[in-house]
Amino acid sequence: MRTAVVAAMVALVCAGCAAVKPQPVTQPQIPTIVPPTTISRIPQMVDRPIPDDCELVVPVEVFHQKLGRELPGELKTIIGIPEPSLGRTGKIDCYYAVPERQPLGAAQVVIGLAAYTDEPTAAARVTESVDLERKEGATVREVDVGKKKGQFVSTKDERLVIGSLGKTTYVARAKAGVLPDDAIAGFLAALAQQSMTPIEGA
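Scope of this entry: the structure provided in the associated data block.

**A few points about the state of the cysteines**
Such a bond, covalent and formed between the sulfur atoms of two cysteines, is termed a disulfide.
Point 1. Taken as a whole and assessed by the stated rule, the structure comprises one disulfide.
Point 2. A sulfur-sulfur distance of 2.1 Å marks the disulfide that ties C54 to C94. Taking the sign of the torsion about the S-S bond as the criterion, the disulfide between C54 and C94, at about -95°, is left-handed. Of the two residues, C54 is situated in the loop between α1 (2-19) and α2 (60-67) and C94 in strand β2 (residues 88-98); the sequence distance between them amounts to 40 residues. When sorted by exposure, C54 lands in the same class as C94, which is buried.

**Digging into the pairing of strand β5 (residues 148-154)**
Point 1. With seven bridges connecting them, strand β4 (residues 139-145) and β5 associate as antiparallel partners. Bridge pairing links V145 to K148 in β5.
Point 2. Between β4 and β5, which pair antiparallel one after the other, the connecting turn spans two residues, and G146 there sits at a positive phi close to 65°.
Point 3. In terms of strand pairing, β5 meets strand β6 (residues 158-165) through four bridges, oriented antiparallel. The residue of β6 that forms the bridge with V153 is L160.
Point 4. Following β5, the chain reverses through three residues before pairing antiparallel with β6.

So, how was this worked out
- Residues numbered from 1 in each chain as written.
- Predicted model: local features only at pLDDT ≥ 70, side-chain atom pairs only at ≥ 80, totals over all residues.
- Heavy atoms only, no water.
- Disulfide = S-S within 2.5 Å.
- Helix = DSSP H or I, 4+ residues; strand = E, 2+ residues; numbered from the N terminus.
- Buried < 20%, exposed > 50% of the residue type's maximum accessible area, 1.4 Å probe, protein only.
- Pairing = 2+ DSSP bridges.

Rendered as structure tokens:
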């Protein structure tokens, strides 16, 4: 009898053991970091209002970055007046690296923006300027300015990138020798692109 009771108790204990299942080890939840799907907005060329400060056209620091070195001299600004006979409503010219006590003509690089009454007038001004340079003996070829097209003009003394976007024309010109001829077109195109790209936060 005693043996039967002990056997029954062992059976109950074992049954209880069988009923208790080991719990799986719970791994700590690690938050999944999902990279943002939005891409940082890259400033784009636009038909921008004409700034009244050359630091808002191409900042000196950016100018030197694109050139790859620093040029001595000052940045000088000339604000043009509207010329209704030309359909021009505004103008700014930026003279970079003007030597101390030297005239504006001594600038190594000049960037200019001009606004016109409408898009056809702006485009016509570019065509007229390029045709005039070609008649004077310049060579002309197309060049990329951002995602747009401009004209690279090579004269005896200067290299220019000129074009228009909407009602605004742009020109970036450099004296011959500022950069080698195989690099100057890209440099001027980069300046032209920057001149038509509003500076964020400004």
